[in-house]
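Per-entry structural report
What follows is each chain in one-letter form.
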Amino acid sequence: MSQIEFDENVARALERMYMTPDVVGQRSDFLRAVALREGERALDVGVGPGLLVHDMAKIVGEKGRVAGVDASDAMVGISEKRCADLGWTDFHQADATALPFDDASFDVVTSSQVYEYVADMEGALTEVHRVLRPGGRVFILDTDWDSVVWRTRDRARMRRVMDAWDGHLHDPHLPARLGALLEGAGLQVTHREVIPIVNPSLHPHCYSFGILAAIQGFVAASGEVEADEAQAWADELRALGESGEYFFSINRYVFGALRAG
Ligand SMILES: C[S@@+](CC[C@H](N)C(=O)[O-])C[C@H]1O[C@@H](n2cnc3c(N)ncnc32)[C@H](O)[C@@H]1O
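Below you will find a few notes about this structure. (Residues numbered from 1 in each chain as written. Predicted model: local features only at pLDDT ≥ 70, side-chain atom pairs only at ≥ 80, totals over all residues. Heavy atoms only, no water.)

Overview of the side chain of Asp-171
Assignment of secondary structure puts Asp-171 in the loop between helix H6 (155-166) and helix H7 (175-184). Residue classification places Asp-171 among the buried residues on the basis of a relative accessible area of 11%. In terms of polar contacts, Asp-171 uses its side chain to reach the backbone amide nitrogen of His-173, at 2.8 Å. A polar atom in the side chain of Asp-171 sits 2.6 Å from the side chain of Arg-177. Filtering out sequence-adjacent residues up to four positions away, Asp-171 remains in contact with Glu-116 and Arg-177. (Helix = DSSP H or I, 4+ residues; strand = E, 2+ residues; numbered from the N terminus. Buried < 20%, exposed > 50% of the residue type's maximum accessible area, 1.4 Å probe, protein only. Polar contact = N/O pair within 3.5 Å; in protein donor to acceptor, adjacent residues only side chain to side chain. Contact = heavy atoms within 4.5 Å.)

Now the structure itself:
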């Protein structure tokens, strides 16, 4: 099955979705867990449009450093522009499994909604362990797509659409095995947390408004669901929105772990 190509158009759509109050709140909950301090050296893996790096750079300040990597050139370009006035940030086009940094370069590594796309998780976490200093910490946020609750009168169609959407990720259920993967990489799990997003109505400034369009486009293009069925699925959710019967929620899972000192 095809995966998403993070080109300029996808990057811009993602940026809009990640600036909704739902995802702004999610970022601030995540950063509260990371508890960055002034002067720390941090790395964000899979920066996307650079919103997390921007927030992190404000916290560590100019005595610190925030580096970012992303596999997509478009994402690196958007992040560089966003952080142009924060001279203690730097961005690199690189894969999560081959980080372009020396051993023990960072106090903190973060990654938000990236590892679910990565096939070689053992390799990716070996790299996290390598670039963290002894005593350093990693914080990872990922989604389990089985956590979605979306009101519908056609549960079978919802299942077909969401099963097809699972194909955009290498592992749509990564959180359930992330703790074991971290421990296997020599990282001691210290923190587990769930951050829910709840949309009791549908409007352009909520997370599910954007993800609804993204899912419809992806599943129709993948050929796993007919375009007419994807349209009918989206039409039903929008109609529930208009009649005041809408409900959506999803869980993000946060894991924190330490590299032994
Ligand atoms: C859903 S976005 C999340 C962006 C950002 N972390 C955030 O939360 O705002 C996923 C990002 O992961 C990047 N990505 C996917 N696979 C990757 C890999 N193997 N190595 C590095 N980046 C990757 C994509 O290019 C994309 O920018």
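Once you've had a look at it, read on.
Description of the packing of helix H2 (residues 21-34) against helix H3 (residues 51-60)
The geometry of H2 relative to H3 is characterised by a closest axis approach of 11 Å and an angle of 45° between their N-to-C directions. Between H2 and H3, the angle is such that the two are oblique. Considering only the axes of H2 and H3, their crossing is right-handed. In contact with Arg-27, Phe-30 and Leu-31 of H2, H3 contributes Leu-51, Leu-52, Asp-55, Met-56 and Ile-59. Of the residues belonging to the contact of H2 with H3, the class tally is six nonpolar, no polar and two charged. (Axes fitted to C-alpha atoms, helices over the stretch in contact; angles between N-to-C directions. Parallel < 35°, antiparallel > 145°, perpendicular 65-115°, else oblique. Left-handed = near helix turned anticlockwise from the far one by under 90°. Nonpolar A, V, L, I, M, F, W, Y, C, P; charged D, E, K, R; others polar.)

A short note on the environment of Gly-244
Structurally, Gly-244 can be placed in the loop between helix H9 (227-242) and strand S8 (248-259). Residues Gly-244 and Gln-188, spaced 56 residues apart in sequence, show a C-alpha to C-alpha distance of 46 Å.

Structural notes on the site of the ligand
By nearness alone, 18 residues border the ligand, and Gly-46, Asp-70, Asp-95, Ala-96 and Ser-112 come closest of all. At a separation of 2.9 Å, a nitrogen atom of the ligand approaches a polar backbone atom of Ala-96. Contact with the protein chains removes 94% of the 600 Å² of surface that the ligand exposes when unbound. Among the residues forming the shell around the ligand, the class breakdown is eleven nonpolar, five polar and two charged. (Near = heavy atom within 4 Å. Areas by Shrake-Rupley, 256 points an atom, 1.4 Å probe, with all protein chains shown as cover.)

Quick word on the environment of His-54
Mapped onto the secondary structure, His-54 falls in helix H3. A residue is classified by how much of its surface remains accessible, and His-54, at 19% relative accessible area, is buried. When the C-alpha positions of His-54 and Arg-82 are compared, they lie 7.3 Å apart, and in sequence the two are 28 residues distant. Beyond its immediate chain neighbours, meaning those up to four positions away, His-54 contacts Arg-82, Cys-83 and Leu-86.

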